[in-house]
Amino acid sequence: MIRIVLADDHKMLVEALASILEKESDIEIIGIASNGVELMSFLERQLPDICLLDIEMPKMNGIVAMKQIRVQYPMLPVLALTMYDDPRHVRQMIESGVRGYILKNRSQDFLVEAIRTILSEPEEVFFESAIRDRFIRTFSGTQVPKKKYKHDLQRVKITPREKEVLIELASGRTSKEMAEILCISENTFVSHKAALMKKLGVNKETALVRFAVEQGFLSDTLNIEPDL
């Protein structure tokens, strides 16, 4: 039997999902958690063969839970099952060590295929082709369409610290978390971000992330494998 734990805070959805999966003769749902805290508590008592993990959950979200799983249970395969298809969430989950990433609107057969594919080989991964392609296209410095900025980029001088801020902005972490990583105060981090916006003549954080991608600042930090 394939023993599965589901971690998702949408009660009706997760109960329906459990009912659907258990129609498979070789699948058993051994646990359901509504947040990352409940999931980690369950894993202390019993380890499944695979965990299906949502991203947006209260108390402890899927990204934080995934990081803890990698430390405490490095051999446990995890499949991200979520509504989020944006590259920033995909990147965070990949960096945290998920073995697969699919969307909730996919069919039962597709989900079962993903589970069995991941469990078939220790090194096997399962990422939807559309998500994989969008992720690579967004975070590849050579493939992102260039955006027009108000200021001449040839005259914009980015300091080493501002470059670090740009790289962190692409991580999707909170300002407090990014400031802690850079060993500066949150106010200082926000000030650097504001200075960057002024330099580039933009008013959105997403524009800063795009600028970081276009300038190739992320190419050394992502380590994207060709067959991701």
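Check the entry above for the structure.
Residues numbered from 1 in each chain as written. Predicted model: local features only at pLDDT ≥ 70, side-chain atom pairs only at ≥ 80, totals over all residues. Heavy atoms only, no water.

> Would you mind showing me how to read the overall build of the protein here?
Counting its regular elements, the protein contains 11 helices and 6 strands. The 228 residues of the protein split such that 46% are buried. For the protein, the proportion of contacts with a sequence separation of at least 24, taken over those separated by at least 6, is 67%. Carbon and sulfur atoms make up 51% of the accessible area of the protein, which amounts to about 12300 Å² in all. (Helix = DSSP H or I, 4+ residues; strand = E, 2+ residues; numbered from the N terminus. Buried < 20%, exposed > 50% of the residue type's maximum accessible area, 1.4 Å probe, protein only. Contact = heavy atoms within 4.5 Å. Areas by Shrake-Rupley, 256 points an atom, 1.4 Å probe, with all protein chains shown as cover.)

> Looking at this structure, how should I read the sheet that holds strand 5 (residues 100–103)?
Strand pairing in a sheet relies on backbone hydrogen bonds. The paired strands run either parallel or antiparallel. Strands sit in the order 2-1-3-4-5-6 across an open sheet of 6 strands; the sheet is parallel. Here the strands that pair on one side only, and so sit at the sheet edges, are strand 2 (27–33) and strand 6 (126–127). Note that strand 3 (residues 50–53) and strand 4 (residues 78–82) share 3 bridges and pair parallel. What sits directly across from L53, in strand 4, is A80. In the packing of helix 2 (residues 36–45) onto the sheet, contacts are made with strand 1 (2–7), strand 2 and strand 3, and the angle to strand 2 comes to roughly 125°. (Pairing = 2+ DSSP bridges. Axes fitted to C-alpha atoms, helices over the stretch in contact; angles between N-to-C directions.)

> I keep staring at the environment of V190 and nothing clicks. Help me out?
On the secondary structure map, V190 appears in helix 9 (residues 186–200). As for V190 and S175, which are separated by 15 residues in sequence, their C-alpha atoms are 7.3 Å apart.

> How should the packing of helix 1 (residues 11–21) against helix 5 (residues 108–120) be read in this particular structure?
Two quantities define a packed helix pair, namely the angle between the helix axes and the distance between the axes. Relative to each other, helix 1 and helix 5 sit at 75°, their axes nearing to 11 Å. Of the possible angle classes, the one that applies to helix 1 and helix 5 is roughly perpendicular. Between helix 1, through L17, I20 and L21, and helix 5, the contact on the second element is made entirely by Q108, L111, V112 and I115. Here the residues of the contact of helix 1 with helix 5 sort into 6 nonpolar, 1 polar and no charged. (Parallel < 35°, antiparallel > 145°, perpendicular 65-115°, else oblique. Nonpolar A, V, L, I, M, F, W, Y, C, P; charged D, E, K, R; others polar.)

> Is there a simple way to think about the packing of aromatic side chains in this case?
The relative placement of two aromatic rings is captured by the distance of their centres and the angle of their planes. Under the definition given, this model contains 1 aromatic pair. The ring of F110 has R106 sitting right over it, with the charged end atom 3.7 Å from the ring centre. (Phe/Tyr/Trp six-rings, centres within 6.5 Å; stacked < 30°, edge-to-face > 60°. Lys NZ or Arg CZ within 6 Å of the ring centre and 35° of its normal.)

> Hey, could you run me through the environment of E38 in this one?
Along the polypeptide, E38 turns up in helix 2. With 21 residues separating them in the primary sequence, E38 and K59 have C-alpha atoms 9.2 Å apart. A polar contact is formed between the side chain of E38 and the backbone nitrogen of S34, at a distance of 2.9 Å. (Polar contact = N/O pair within 3.5 Å; in protein donor to acceptor, adjacent residues only side chain to side chain.)

> Just checking my understanding: could you explain unusual backbone geometry for this structure?
Leaving glycine out, the prevailing phi sign among residues is negative, and the prevailing peptide bond configuration is trans. The phi dihedral of K59 is positive, around 65°, even though this residue is not glycine. Of note, K59 is situated in the loop between strand 3 and helix 3 (62–72). One non-glycine residue, C183, lies in the positive phi region at around 60°. In this structure, C183 sits in the loop between helix 8 (175–181) and helix 9.

> For this particular structure, what's the right way to read the packing of helix 3 against helix 4 (residues 87–96)?
In the contact formed by helix 3 and helix 4, the axes pass within 9 Å of each other and the chain directions differ by 15°. Accordingly, the angle class assigned to the pair helix 3 and helix 4 is roughly parallel. The two elements helix 3 and helix 4 meet at a crossing, and its hand is left-handed. Mapping the contact onto sequence places G62, I63, M66, K67 and R70 in helix 3 and H89, Q92, M93 and S96 in helix 4. Looking at the contact of helix 3 with helix 4 residue by residue, the classes come out as 3 nonpolar, 4 polar and 2 charged. (Left-handed = near helix turned anticlockwise from the far one by under 90°.)

> What's the story with the side chain of E162 in this structure? I'm lost.
Note on placement: E162 falls in helix 7 (residues 160–169). Within the structure, the side chain of E162 is placed 2.7 Å from the side chain of K199, a separation counted as a polar contact. Residue contacts for E162: discarding those within four places in its chain leaves K157, H192, A195, L196 and K199.

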